[in-house]
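# Inside the fold
So the chains spell out like this:
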2 protein chains.
Amino acid sequence: MTLSEEDYIKAIYHLGNGKEDPISTNAIAEQMETKPSSVTDMIKKLSEKNMVNYKKYRGVSLTEKGQLTALSIVRKHRLWEVFLVDKLDFAWDEVHEVAEQLEHIKSEKLIDKLDTYLGNPRVDPHGDPIPSKDGEFKKSVKKLISELPIGSKGVCVGVNDSSVAFLKFLDKNQIALGDTLKILEREDFDGSVSIKINDREMRISDQIASNLFLEILEKS
Amino acid sequence: MTLSEEDYIKAIYHLGNGKEDPISTNAIAEQMETKPSSVTDMIKKLSEKNMVNYKKYRGVSLTEKGQLTALSIVRKHRLWEVFLVDKLDFAWDEVHEVAEQLEHIKSEKLIDKLDTYLGNPRVDPHGDPIPSKDGEFKKSVKKLISELPIGSKGVCVGVNDSSVAFLKFLDKNQIALGDTLKILEREDFDGSVSIKINDREMRISDQIASNLFLEILEKS
DNA sequence: AAAATAATTTAGACAAAACTAAATATTTGT
DNA sequence: ACAAATATTTAGTTTTGTCTAAATTATTTT
C-alpha cells in the first residue's frame, strides 16, 4: 500500500461511516481536497487490488479487505493520538496532523508494542474507539450526560451551550475536553449528577449535565 | 524537503563522515541502492536548493544548509531509536528500519517533546551521539575499556574477541550491547577495573576490559 | 601521452499521482 | 418524459523520481 492509497482507503472509510451505501466520487474528491478525475484514477487502481467494489458511475464501497486495511490505519492513528496526549503531553486538539503522518509508519511490531506500552487503550483522546488488532471495535456514540444511565463512562467531547459562562464554569472546575468521566449517581429530585473526573468526585447540576457531551462505547 | 531529498542528504552526510572531501556520484548510488544517473538528477535539484555544492564530474559536498538539514534528520533518527529501545523495549539491533521511517515525520514540536520525554539523551542505543536542536553535537569515539581513563562513561558497542566463552561471560554477567557503563576505578596491580553497569557495580578483569568496546563522547 | 578503463552525465522513457478540458452518463425539475 | 443541471469518466499533460542506453569526461595503464 502506498501512502496515497492508504489515504483514499481511509477517506472512503470515514465517508462510509459504518453504512454500506456506496460513496460518490465527488464526496471523496472533496474530502481529499483533490479533483474528481484523480479520484476516478485511484479508484480504478484500488479496484484492481480488490480493496473497493466499483461500478462505473455508481460510486465505491470498501471490500472486506479494504475494511480491514482501513481499520488498521484507524487503529494506528488513534494509538498514536493516545501516545501524543498521554505521554508527550500534547493537547487533544493538536494531535491530528502529526497522527496523520505517524499512521503511515509500517511495522506491526511497533504498533503491538505501542499498544502494550499505552496500556491497551480502548478509546483515543477524542473518545473515538480504537479497533483491535483483528479489526474489531466497539461503536461509540455521543450523548449528553443527562441522557446517559448511571455507571456510564466516557470522554468529554463537546458542549451544547458554548456561552462564556458555561465554558468558564468548566474551566473553573477543571473539566476539559478529552477528560475521562464516569457517572456515579443521579438525584431524581433535581436531576443533578455526581461524577468522577480525573480521579476526583464532584456533583454537577442538571443544567450542566444537559450541556456536556460524552463519547461512550456502546454496551457490547 | 521531500522524503527522497532527505534520504539523499542523509546518505551524503554519512558518506562524508565528518570530512570535507566531495562525495562521488557512484558512492551515493551504491549507498542508496540506486543508479548513478538518478543520483545526478537529484544532485542537480539539491544544488538548486542550495543544499549541496556541486561541480560536474567533481562530486558533491553538503552546504551549511545541507549540514543542518542532515543533522536534524540524524537527531530525529537517533531520538526515535532511544524511544524504541527505552520505552517500547525493542532490541538495539531491531530499531534501524523503523527509525528510518520515523525520522521523516515533520513536526518540530513532536521532536522537542520527544526529546524532553526521553530525558534529553546524548547518545542513541548504539552509542552514537544525538545532535542538539541547533545542530551541535559531540563526536564519539570507540575504545576498549582498557584504554579509557577513570570516570569514562559510554555505551557497550562491540567486542574484540567474539569467542563463545567471552560472549557467555557477558551474558552470565548481564552485560549486553547497548548498555551504559561507567568506569569507576582501575587496579594498577592487575589492570582489573570496577564498573557501574545498569545501576549495578562489578569488577572485571583486564582480559575482559581489553575485549569490550565502549562508545564515548569526546570530552568537549 | 595515447589508449583503455572507469566514472559521470545526458537524452529519452516510464510509472505514480495529480491536473485540465472535453466527453459521457445520471439525476432533477417541470 | 425530456431538457437542464450535475456527476463522473476519459484523454491528454505535468511533476517527481526512477531507469536504460548512449555520450562525455576523468583516471589509470603502459
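Just so it is clear, the structure is predicted and the values come from calculations on it, not from any experiment.

## Thoughts on the sheet that holds strand 7 (residues 200-204) of chain A
Residues and elements named next belong to chain A. Pairing in this open sheet of six strands is antiparallel, and the strands run 3-8-4-5-6-7 from one edge to the other. A strand with exactly one partner marks an edge of an open sheet, and here the two such strands are strand 3 (140-144) and strand 7. Across the sheet, the axes of successive neighbouring strands diverge by a mean angle of 40°, strand direction being ignored. Here five bridges tie strand 4 (residues 153-159) to strand 8 (residues 212-217), and the two strands are oriented antiparallel to one another. Looking across to strand 8, one finds that Val-155 is bridged to Glu-215.

## Describing the protein's contact with DNA strand D
Not every one of the 21 residues close to DNA strand D is listed here, only the nearest: Lys-44, Tyr-54 and Lys-56 of chain A together with Thr-34 and Lys-45 of chain B. If you look at DNA strand D and keep only atoms within 4 Å of the protein, 77% of those are sugar or phosphate atoms. A distance of 2.5 Å is found between a phosphate oxygen of DNA strand D and a side-chain nitrogen or oxygen belonging to Lys-56 of chain A. The contact in question runs from a sugar or linking oxygen of DNA strand D to an N or O atom on the side chain of Arg-58 of chain B, over 3.0 Å. Residue assignment for the surface near DNA strand D shows that the elements contributing at least two residues are helix 2 (25-32) and helix 3 (36-48) of chain A together with helix 1 (3-16) and helix 3 (36-48) of chain B. The residue inventory of the surface near DNA strand D, partitioned by class, reads five nonpolar, 10 polar and six charged.

## Considerations on the sheet that holds strand 3 (residues 140-144) of chain B
All names here are of chain B. Taken in spatial order, the six strands line up as 3-8-4-5-6-7 in an open sheet, and their pairing is antiparallel. What marks the edges here is a single partner per strand, and that holds for strand 3 and strand 7 (200-204). Across the sheet, the mean angle from the axis of one strand to that of its neighbour is 40°, orientation sign disregarded. Alignment of strand 6 (residues 193-197) against strand 7, held across five bridges, turns out to be antiparallel. Each bridged residue has a counterpart across the sheet, and for Ile-197 the counterpart in strand 7 is Arg-200.

## So, helix 3 of chain B
Residues and elements named next belong to chain B. Between the first and last C-alpha of helix 3 there are 19 Å, a value that for 13 residues agrees with the 18 Å anticipated at 1.5 Å per step. Every buried residue belonging to helix 3 is among Val-39, Met-42, Ile-43 and Leu-46, and all of these are buried. Looking straight down helix 3, one finds that the buried residues subtend no more than 110° of arc, so they occupy a single side. Projecting away from the buried face of helix 3 at angles above 90 degrees are the exposed residues Ser-37, Asp-41 and Glu-48. Just beyond helix 3, the residue with positive phi is Asn-50, at close to 60°.

## Observations concerning the domain arrangement of chain A
Residue and element names in this part refer to chain A. Taken as a whole, chain A is organised into domain 1 (3-62), domain 2 (66-137) and domain 3 (141-217). For domain 1 versus domain 2, the distance between C-alpha centres works out to 23 Å. With nine residues of domain 1 in contact, the opposing surface of domain 2 contributes 13 residues. Here domain 1 packs against domain 2, burying approximately 1,100 Å² in sum over the two surfaces, 59% of which is carbon and sulfur. For domain 1, the biggest contributors to the area lost against domain 2 are Glu-6, Lys-10 and Tyr-13; these three give 56% of the whole. For the pair domain 1 and domain 2, the interface holds three salt bridges. The interface formed by domain 1 and domain 2 includes five residue pairs in polar contact (both at pLDDT 80 or more). At seven residues, the largest contribution of residues to the side of domain 1 that touches domain 2 is made by helix 1 (residues 3-16).

How each quantity is defined
Residues numbered from 1 in each chain as written. Chains lettered and ligands numbered in written order. Predicted model: local features only at pLDDT ≥ 70, side-chain atom pairs only at ≥ 80, totals over all residues. Heavy atoms only, no water. Pairing = 2+ DSSP bridges. Helix = DSSP H or I, 4+ residues; strand = E, 2+ residues; numbered from the N terminus. Axes fitted to C-alpha atoms, helices over the stretch in contact; angles between N-to-C directions. Near = heavy atom within 4 Å. Polar contact = N/O pair within 3.5 Å; in protein donor to acceptor, adjacent residues only side chain to side chain. Nonpolar A, V, L, I, M, F, W, Y, C, P; charged D, E, K, R; others polar. Expected span 1.5 Å × (residues − 1). Buried < 20%, exposed > 50% of the residue type's maximum accessible area, 1.4 Å probe, protein only. Arc of directions from axis to C-beta. Domains from an automatic or database assignment. Contact = heavy atoms within 4.5 Å. Buried area = accessible area lost by both parts, 1.4 Å probe. Salt bridge = Lys/Arg side-chain N within 4 Å of Asp/Glu carboxyl O.

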